[in-house]
Amino acid sequence: MNHASFLDKLLATDPADVGCDATFALLDVYVEVELAGQDPRSRFPGLAAHLRSCEACHADHQGLLATATGLDG
């Protein structure tokens, strides 16, 4: 990633984004709400904003969701 695209991504960050630490602390609850058929984005808007912008946390979310639904292998 070049400096300009990094800067563009940084400046486009949603101010509601709760960050990695809060996401890590609540990701299991977020997935439980998702698996219950509810919309976790409305209950955890800051976490949802973070998952949209952080590739690492998004990957963790996808992995936890796959494990919880038995799609991990």
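As a reminder, the structure under discussion sits directly above these lines.
Here's what I pulled together on the structure shown here. Sequence order sets the numbering: in each chain, residues are counted from 1 along the sequence as written. For this predicted model, a pLDDT threshold of at least 70 governs which residues receive local features, and a threshold of 80 or more governs which side-chain atom pairs are given and counted, while totals over whole chains, interfaces and linings are taken from all residues. Note that the side-chain values use all heavy atoms of the structure and ignore hydrogens as well as water.

A look at the packing of aromatic side chains
- Only centres within 6.5 Å qualify two rings of Phe, Tyr or Trp (six-membered ring in Trp) as a pair; their planes then separate them into stacked at under 30 degrees, edge-to-face at over 60, and tilted for everything else. Tallying each qualifying case throughout the model produces one aromatic pair.
- Seen in terms of ring centroids, Tyr30 and Phe44 are 6.1 Å apart; in terms of plane orientation they differ by 50°. Their pairing is tilted. In this pair, Tyr30 sits in helix 2 (residues 19-35) while Phe44 sits in the loop between helix 3 (40-43) and helix 4 (45-53), placing the two residues 14 residues apart along the sequence. Per the convention used, a helix needs a DSSP run of H or I reaching at least four residues, while a strand needs a run of E reaching at least two, with both numbered from the N terminus.

Considerations on helix 2
- The span expected for a helix works out to 1.5 Å for each residue beyond the first. If you check helix 2, its first and last C-alpha atoms are 23 Å apart, about what 17 residues at 1.5 Å a residue would give, namely 24 Å.
- Consider a residue and the seven residues that end there alongside the seven that start there; fitting an axis to each set, the bend is the angle between those axes. A maximum bend of about 55° is found in helix 2 at Leu26.
- Exposure classes here rest on a 1.4 Å probe applied to the protein chains alone. A residue is buried below 20% of its type maximum, exposed above 50%, and partly exposed in between. Every buried residue of helix 2 is listed here: Gly19, Thr23, Leu27, Tyr30, Val31 and Val33.
- Throughout, a contact is declared for two residues whenever any of their heavy atoms are within 4.5 Å. The elements touched by buried residues of helix 2 are helix 3, helix 4 and helix 5 (55-68).
- Looking one or two residues beyond helix 2, the residue adopting positive phi is Gly37, at roughly 85°.

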